[in-house]
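Geometric and topological summary
Spelled out from the first residue to the last, the chains are:
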Amino acid sequence: MSVRIDIAYEGQLHCSAIHGPSGTQLATDAPKDNQGKGESFSPTDLLATALGTCLVTIMGIVAQQGGMDIAGTRVQVVKEMTPPPRRIGRLEVSIVVPKDKAVRLSAEQRGKLEEASRQCPVCRSIHPDVAATRACHSVRPTERHQAGAGCEGCGSPVWLDVMSAAAPSLRPGPRLP
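Described in the following lines is the structure provided in the data block. In this text, all values refer to a predicted model and were calculated from it rather than measured experimentally.

Bringing the overall build of the protein chain into the picture now. Helix and strand counts for the protein chain come out as four helices and seven strands. Along the protein chain, from the amino end to the carboxyl end, the secondary structure elements read β-β-β-α-β-β-α-α-α-β-β. Within the protein chain, the fraction of its 177 residues that count as buried is 36%. Counted over contacts in the protein chain with a minimum sequence separation of 6, partners at least 24 positions apart contribute 49%. By element, 56% of the accessible surface of the protein chain is carried by carbon and sulfur atoms, the whole surface being about 10,400 Å².

Next comes the structure, spelled out in structure tokens:
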């Protein structure tokens, strides 16, 4: 299946794009740290956005098929750029399933959701030199989790994957106990 996206450069580092099937329009702007005004998503912001929305959409498909309710799940993606030559160096993703929904999930269902997140086409399309971490929590953690630690907010295990060119054997990572 192919999808047509029409893009117009409007000048002053602004672009507009139209999604062919729906006609939905979006705008981009260069970031402030790269000669832009930062008035909209930058192209690399859209990649980070694509990653987060794809992960939760794939999880949503599996949840819907399996009779699970993960509505209200939130995703946060933190994107870090490298010094010149500019590229995305790191993407840190946190997926937060609402506690009232997470407590209803069995270990088997959680495993299915975790596996679904590994099937994300965007994630599989990102170059392996980009360090990416993905953690799923049942409530927002109070601070960054350490490997093997439970979520401080709920005490439940944290599902964590680390994908990095420096550690290709960890792609995808094991489910933590």
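A separate point is the sheet that holds strand S3 (residues 25-29). The strand order S1-S2-S3 describes an open sheet built from three strands, whose pairing is antiparallel. The sheet is open, and its two borders are formed by strand S1 (5-11) and S3, each paired with just one other strand. Strand after strand, the sheet turns through a mean of 20° between neighbouring axes, direction not considered. Two elements, strand S2 (residues 14-19) and S3, share five bridges in a ladder whose sense is antiparallel. What sits directly across from Ser16, in S3, is Ala27.

Further remarks concern the side chain of Thr73. For Thr73, the location among the structural elements is in the loop between helix H1 (43-65) and strand S4 (74-81). Within the local environment of Thr73, its side chain forms a polar contact with the backbone oxygen of Ile70, the two atoms lying 2.5 Å apart. Residues contacting Thr73, with those up to four places away along its chain left out, are Val56, Ile95, Val96, Val97 and Pro98.

Rules behind the numbers
Residues numbered from 1 in each chain as written. Predicted model: local features only at pLDDT ≥ 70, side-chain atom pairs only at ≥ 80, totals over all residues. Heavy atoms only, no water. Helix = DSSP H or I, 4+ residues; strand = E, 2+ residues; numbered from the N terminus. Buried < 20%, exposed > 50% of the residue type's maximum accessible area, 1.4 Å probe, protein only. Contact = heavy atoms within 4.5 Å. Areas by Shrake-Rupley, 256 points an atom, 1.4 Å probe, with all protein chains shown as cover. Pairing = 2+ DSSP bridges. Axes fitted to C-alpha atoms, helices over the stretch in contact; angles between N-to-C directions. Polar contact = N/O pair within 3.5 Å; in protein donor to acceptor, adjacent residues only side chain to side chain.

Purely spatial values, then, with no claim about function.
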